[in-house]
Amino acid sequence: MKRALVAVAACALLLAACGDGNGEEDPLAGLDANGDNGDNGEEPAGDVDPEDPDTVPDDAVEIFSWWTGAGEEAGLLALIDMFESEYGHEVVNSAVAGGAGTDAQAVLTSRMQAGQPPSSFQIHAGRALLDQWVAADAMEPLNDLYDEEGWWEVFPDELLEMTTDEDGNIYSVPVNVHRSNVLFTNTQVFEDNDLTPPTTFDEFFEVADALEAAGVTPLALGDNESWTLLHTWETVLLGTVGPETYQALFDGEADWQSPEVVESFENLERMFGYINDDHSARNWQDAAQLVAEGEAAMNIMGDWAQGYFSTDLEMEPETDFGWEPTPGTDGSFITVVDTFGLPEDAPNREGTLDWLRVLGSVEGQDTFNPLKGSIPARLDGNIAEYNEYGQDTYNDFQDDSLVPSLAHNSAAPPNFTDAAMSAVVEWMAQRDAERSAEQLEQAADDFLR
Ligand code: GAL
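Reading the values: rules and limits
Residues numbered from 1 in each chain as written. Predicted model: local features only at pLDDT ≥ 70, side-chain atom pairs only at ≥ 80, totals over all residues. Heavy atoms only, no water. Salt bridge = Lys/Arg side-chain N within 4 Å of Asp/Glu carboxyl O. Helix = DSSP H or I, 4+ residues; strand = E, 2+ residues; numbered from the N terminus. Buried < 20%, exposed > 50% of the residue type's maximum accessible area, 1.4 Å probe, protein only. Axes fitted to C-alpha atoms, helices over the stretch in contact; angles between N-to-C directions. Parallel < 35°, antiparallel > 145°, perpendicular 65-115°, else oblique. Contact = heavy atoms within 4.5 Å. Nonpolar A, V, L, I, M, F, W, Y, C, P; charged D, E, K, R; others polar. Polar contact = N/O pair within 3.5 Å; in protein donor to acceptor, adjacent residues only side chain to side chain.

1. Topic: the pattern of salt bridges
Logical step 1: What the rule picks out here adds up to 15 salt bridges.
Logical step 2: Between Glu 140 and Arg 349 there is a salt bridge, and its shortest N-O distance comes to 2.9 Å. Taken together, the positions of Glu 140 in the loop between helix 4 (127–134) and helix 5 (143–149) and Arg 349 in helix 13 (residues 349–360) put the pair 209 residues apart, joining distant regions of the chain.
Logical step 3: Across the pair Asp 396 and Arg 179 runs a salt bridge whose closest N-O atoms are separated by 2.9 Å. Here Asp 396, found in helix 15 (residues 388–399), pairs with Arg 179, found in strand 5 (residues 178–179); they are 217 residues apart in sequence, far enough to count as distant.
Logical step 4: Residue Arg 179 is classed as buried on the basis of its relative accessible area, which comes to 4%.
Logical step 5: Through salt bridges that share partners, Glu 148, Glu 149, Asp 354 and Arg 357 make up one connected network.

As structure tokens, this is what we get:
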């Protein structure tokens, strides 16, 4: 019966992506007033409640994530499908809506504290995994699985380091690499206005002035969920200070009150002079949708927005949408790596190990990532089969300086991330760059040094 739940969700998604099935629908037409396909924000269908583990059948593999709705769900459902048909386990898709997992992580924390973990949960590689769940002895090491599957050689060292503790135990399986510092553009709007997408802050401001004069909103923002503010600022910080200082800041080795950090807030303020008026009513999909429709020219988002454009809205890379590293970040790549692990006392441990086998396989990764907008975490993914965006990003991932994301819980321990989120939210209201820098310096003293 539970398997039917997943099927229902898959159909809902297909309908949203394919219109009425005649193949000629405009995918944008199916979106509701919030710019999503209507299923974003809903709990999974049926009678399973991720907040209440008693609703999950004992023998199921319960997969916990925040991948619901447009740009998020299609890849997960394809993986679940593959897992069910390869291994025949019963799956419960416990997904809690909300971009970047803010709400999902709150539900997960209370379940973990109550000793009721799901079989496997989505967790970012880096500090979130290591400082929160590994430090609390809540996860089983996966070294044996890595040995059996020959995985030590197939993932880049950077990703192995982000999932391994100081004793050499590895705790999760990376399913993808997302890039956070992407400036998405509407190709037609740029062509119509005879403009070239900007790569520096100066170019950004020039282009934004021209767009504004032409009556187009230069930059789409959706900060209805405030993680998008932290997300946008981290890209501007990187563009302002460069990758070495960015990393040194999170290592507690650089000064958060330096003129460059203050300047990052000043750059952000200038950029936010060009955003849509209704930004606080929109989530990330709704903001990206403004670019899809040509109402806005640019959007700064992670490349799950590429999944939204390509998979959900059926837009063509280059023809319909373009991409650049966010201003000042050419040659740097902020990584956001989604992983899944095995909690101690996971329900259906054997089934969960099979789930992890699917996630870590070439086939699993090459099924998931083209839909999700990310590139495979494995080095031997079949990248020739990805679209132009995926191939371009894969090349950058090989060549660029890789740095972790703060907004997506990899760069800093959770208490610093929380403090930075408060500082940026306060900055949005007060626009006091000096004060924000001072708050960050205080948080660095408290949590990074
Ligand atoms: C990130 C996650 C991505 C995507 C995004 C928006 O934290 O790593 O896979 O889901 O949030 O929700």
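2. A word on the packing of helix 12 (residues 304–312) against helix 14 (residues 362–372)
Logical step 1: Helix 14 packs onto helix 12 with a crossing angle of 85° between their chain directions and a minimal axis gap of 7 Å. Classified by the interaxial angle, the pair formed by helix 12 and helix 14 is roughly perpendicular. Here helix 12 contributes Trp 304, Gly 307 and Thr 311 to the contact with helix 14, which in turn contributes Pro 370, Leu 371 and Lys 372.
Logical step 2: Broken down by class, the residue content of the contact of helix 12 with helix 14 amounts to three nonpolar, two polar and one charged.

3. Concerning the side chain of Ser 410
Logical step 1: Checked against the element boundaries, Ser 410 lands in the loop between strand 12 (401–404) and helix 16 (414–430).
Logical step 2: A distance of 2.7 Å separates a polar atom in the side chain of Ser 410 from the backbone oxygen of Ala 125.
Logical step 3: Ser 410 has contacts with His 124, Ala 125, Gly 126, Arg 127, Met 162, Pro 404 and Ser 405, leaving out every residue within four places of it along the chain.

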